There are 2 protein chains.
Amino acid sequence: MVLAPVADAADRDGRAGHVVRATTHPAYANMVGPFGGITAATVVNGIQQHPDVLGEPLSLTINYVAPIAYGEWDLELDPVRTNRTNQHWVFTISQEGDAVATGTAVFAVVRDTWADIEATPPQAPPADEVEPSDFVDFIEWAKQYDKRFVVGGLSEDGSDDSTSTLWLRDEPARPIDFPALASMTDCFFPRIFLRHGAYMPAGTISLTVYFHATSGELAAHGTDHVLATARGVRFGHGHFDQYGQIWSGDTLLATTHQLVYYKDPA
Amino acid sequence: MVLAPVADAADRDGRAGHVVRATTHPAYANMVGPFGGITAATVVNGIQQHPDVLGEPLSLTINYVAPIAYGEWDLELDPVRTNRTNQHWVFTISQEGDAVATGTAVFAVVRDTWADIEATPPQAPPADEVEPSDFVDFIEWAKQYDKRFVVGGLSEDGSDDSTSTLWLRDEPARPIDFPALASMTDCFFPRIFLRHGAYMPAGTISLTVYFHATSGELAAHGTDHVLATARGVRFGHGHFDQYGQIWSGDTLLATTHQLVYYKDPA
């Protein structure tokens, strides 16, 4: 994605709007339109580059409203409210004047407080002892990640358990940052594929990411693999949820929750 | 809350806007401003009453941008896009022209597909074998719920585990509906209270609810208690996450993820 501010706009309340133009990149193509993770990453990057940004990413919710066509899109950013320690954003992605994604984000100042991580990362052998695997050739975005499945890789067998746990990093390796982390939370293929052992029509409707990591923790992580785990809990009426965690050693970098559309195979 | 349409507005793209006026109710007062769950419930109700609504609630994300003052507030609803099987909403709650909450929602037509619930509800004795408990007297909203903690009730002891599991229903009992379910996902007191065994300044910043239940399942549930469970995973830098599930017997009605602000006690 290429980001460039294109214009200022005034929203309905007369507040100053801010529009950034992005261009989809063929390396992150998915089956229909661009990979949702890279779209989320571009929103995070767009807010980080906004002149009025406060602090670091804390939460993001993006709703995929309609298929995004390959080419240019406009990201309208509205810093709705800046409080003492956090800042609330509303955004819309549009193409040809139609909304294709909507969402909200919160950024916050890093404050020093009492802290604890209650959960522990899933059991896994070291990344270099796990074989990397590829998705099918027509999923371009997946080639931009090194993926080493500990459990729940794609297979034709299907499974009663939708859990996937994998070592994951950008390919080629690069230092992790907030946009990269946002994208990684969407790197799990749809859980319905795992349950059925088959590709099926499926796509994320809504993705939420909570960024627990600070920029300092991301810098300390560097270019290593993260350990990513996700599971769906209820499948029904054409939708399922997915809850996931992204770990750097014993440090929980992000939690994520997403809702996915699916269609039974004919 | 009392809901009444007050005006139509035109948004920046010239689409027809729709504004509903609500009034806070003292029975749902929290420590500062109204209980966030009842605000979320009112948004769900407002969309359900919109003349163009499609299907049933599927997901909701609400960001609490600023304290809501007791009194009237305006809910602006924008049905951004209606697809064949789902409908995307953007909303803003404002008081005196300032945004106090923002968010998005998805509604969807109930489709018949392959289905499975992978998780199981937490272990719990029947609701009538668990003693009801009260929060402190100044938390008004909590009096509108019958709460029977199986684990993780409020105590002065503190805990290393932030899990709460409780039987929960409206008090007095009433049939559950989507707004009631939305509100129940915010009925867990802040996990930081449980960790420290003390009340502390804390408040939800962002709440996401995925409604797995259909209206038929809610009707079948009726006025019984739901079994609700939630846990925080990482506490740090003044924020923690909370992931929760709401069960009706073996049927998972909703999953929820929220991000909460906290301040260390002085």
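Residues numbered from 1 in each chain as written. Chains lettered and ligands numbered in written order. Predicted model: local features only at pLDDT ≥ 70, side-chain atom pairs only at ≥ 80, totals over all residues. Heavy atoms only, no water.

**Q** I'd like a description of the overall build of chain A, backed by residues and values.
**A** Within chain A, the regular secondary structure consists of four helices and 14 strands. Over its C-alpha trace chain A gives a radius of gyration of 18 Å, about what one expects of a compact globule, namely 18 Å for 266 residues. Expressed as a percentage of the 266 residues in chain A, the buried residues total 59%. In chain A, 66% of the contacts between residues at least 6 apart in sequence involve partners at least 24 apart. Split by element, the accessible area of chain A, about 10200 Å² in all, is 49% carbon and sulfur. Of the side-chain charges in chain A, 16 are positive and 34 negative, and the distance between the mean point of each set is 5 Å. (Helix = DSSP H or I, 4+ residues; strand = E, 2+ residues; numbered from the N terminus. Rg over C-alpha atoms; globule rule 2.2 N^0.38 Å. Buried < 20%, exposed > 50% of the residue type's maximum accessible area, 1.4 Å probe, protein only. Contact = heavy atoms within 4.5 Å. Areas by Shrake-Rupley, 256 points an atom, 1.4 Å probe, with all protein chains shown as cover. Lys, Arg positive; Asp, Glu negative; His and termini not counted. Charge placed at Lys NZ, Arg CZ, Asp CG, Glu CD.)

**Q** An account of the packing of aromatic side chains is needed here, citing residue identities and associated values.
**A** Residues and elements named next belong to chain A. Here the structure, examined in full by the defined rule, presents 25 aromatic pairs over all chains. Cluster of aromatic residues (ring-pair linked, three or more members): Phe138, Phe149, Phe189, Phe193 and Tyr199. Stacked on the ring of Phe189, the Lys or Arg Arg191 has its end atom at 4.8 Å from the ring centre. Over the ring of Phe235 we find Arg195, and its NZ or CZ is 5.5 Å from the ring centre. (Phe/Tyr/Trp six-rings, centres within 6.5 Å; stacked < 30°, edge-to-face > 60°. Lys NZ or Arg CZ within 6 Å of the ring centre and 35° of its normal.)

**Q** Lay out a nonpolar patch on the surface with the relevant residues and their values.
**A** Together, Met31(A), Val32(A), Phe138(A), Leu154(A) and Tyr199(A) make up a nonpolar patch on the protein surface, roughly 470 Å² of accessible area in all. Examined against the element boundaries, Phe138(A) turns out to sit in the loop between β7 (116-117) and β8 (145-151). (Patch = residues over 30% accessible without salt bridge, like charges linked within 9 Å, V, L, I, M, F, W, Y side chains within 5 Å. Salt bridge = Lys/Arg side-chain N within 4 Å of Asp/Glu carboxyl O.)

**Q** Now, about the UniProt feature "domain: Acyl-CoA thioesterase-like C-terminal" (unreviewed entry) in chain A: what can you tell me, with residues and values included?
**A** UniProt annotation of "domain: Acyl-CoA thioesterase-like C-terminal" (unreviewed entry) refers to residues 125-261 of chain A when read in the numbering used here. The distance separating the terminal C-alpha atoms of residues 125-261 of chain A is 33 Å; by composition the span is 15% helix and 39% strand. (UniProt positions renumbered as here; feature names shortened; annotations may be inferred.)

**Q** Pulling in residues and values, what's your account of the interface of chain B and chain A?
**A** A common way to report how large an interface is uses the accessible area buried once the components associate. Facing 71 residues of chain B, the contacting portion of chain A comprises 71 residues. Linking chain B with chain A are eight salt bridges, by the criterion used here. Here Arg234(B) and Glu217(A) are joined by a salt bridge, their closest N and O atoms 2.7 Å apart. Along the contact surface separating chain B from chain A lie 47 residue pairs in polar contact (both at pLDDT 80 or more). Looking at the side of chain B that touches chain A residue by residue, the classes come out as 26 nonpolar, 28 polar and 17 charged. Pairing analysis gives two bridges linking β7(A) to strand β12 (residues 234-236) of chain B, with the strands arranged antiparallel. Across the sheet, Ile117(A) pairs through a bridge with Arg234(B), a residue of β12(B). (Polar contact = N/O pair within 3.5 Å; in protein donor to acceptor, adjacent residues only side chain to side chain. Nonpolar A, V, L, I, M, F, W, Y, C, P; charged D, E, K, R; others polar. Pairing = 2+ DSSP bridges.)

**Q** Tell me about the domain arrangement of chain A, and name the residues and values.
**A** All names here are of chain A. For chain A, the domain assignment lists domain 1 (1-109) and domain 2 (128-266). Listed by partner, the interface residues are 24 residues for domain 1 and 25 residues for domain 2. Between domain 1 and domain 2 the total buried area reaches about 2000 Å² when both faces are included, carbon and sulfur atoms providing 61% of it. At the surface where domain 1 touches domain 2, the tally comes to zero salt bridges. Inspection of the domain 1/domain 2 interface yields 12 residue pairs in polar contact (both at pLDDT 80 or more). Among the elements that take part in the side of domain 1 that touches domain 2, strand β3 (residues 56-64) stands out by supplying nine residues, more than any other. Taken together, the residues that form the side of domain 1 that touches domain 2 break down as 15 nonpolar, eight polar and one charged. (Domains from an automatic or database assignment. Buried area = accessible area lost by both parts, 1.4 Å probe.)

**Q** How would you explain the pattern of salt bridges if you had to name every residue and give the values?
**A** Here the structure, examined in full by the defined rule, presents 24 salt bridges over all chains. For Glu171(A), the salt bridge identified is with Arg169(A), shortest N-O distance 3.0 Å. Residue class for Glu171(A) comes out partly exposed when judged on its relative accessible area of 33%. Judged by relative accessible area, which is 16%, Arg169(A) ranks as buried. For Arg21(B), the salt bridge is made with Asp74(B), and the minimal N-O distance between the two is 2.8 Å. One end of the pair, Arg21(B), is in strand β2 (residues 18-23); the other, Asp74(B), is in strand β4 (residues 72-82), with 53 residues separating them in the sequence.

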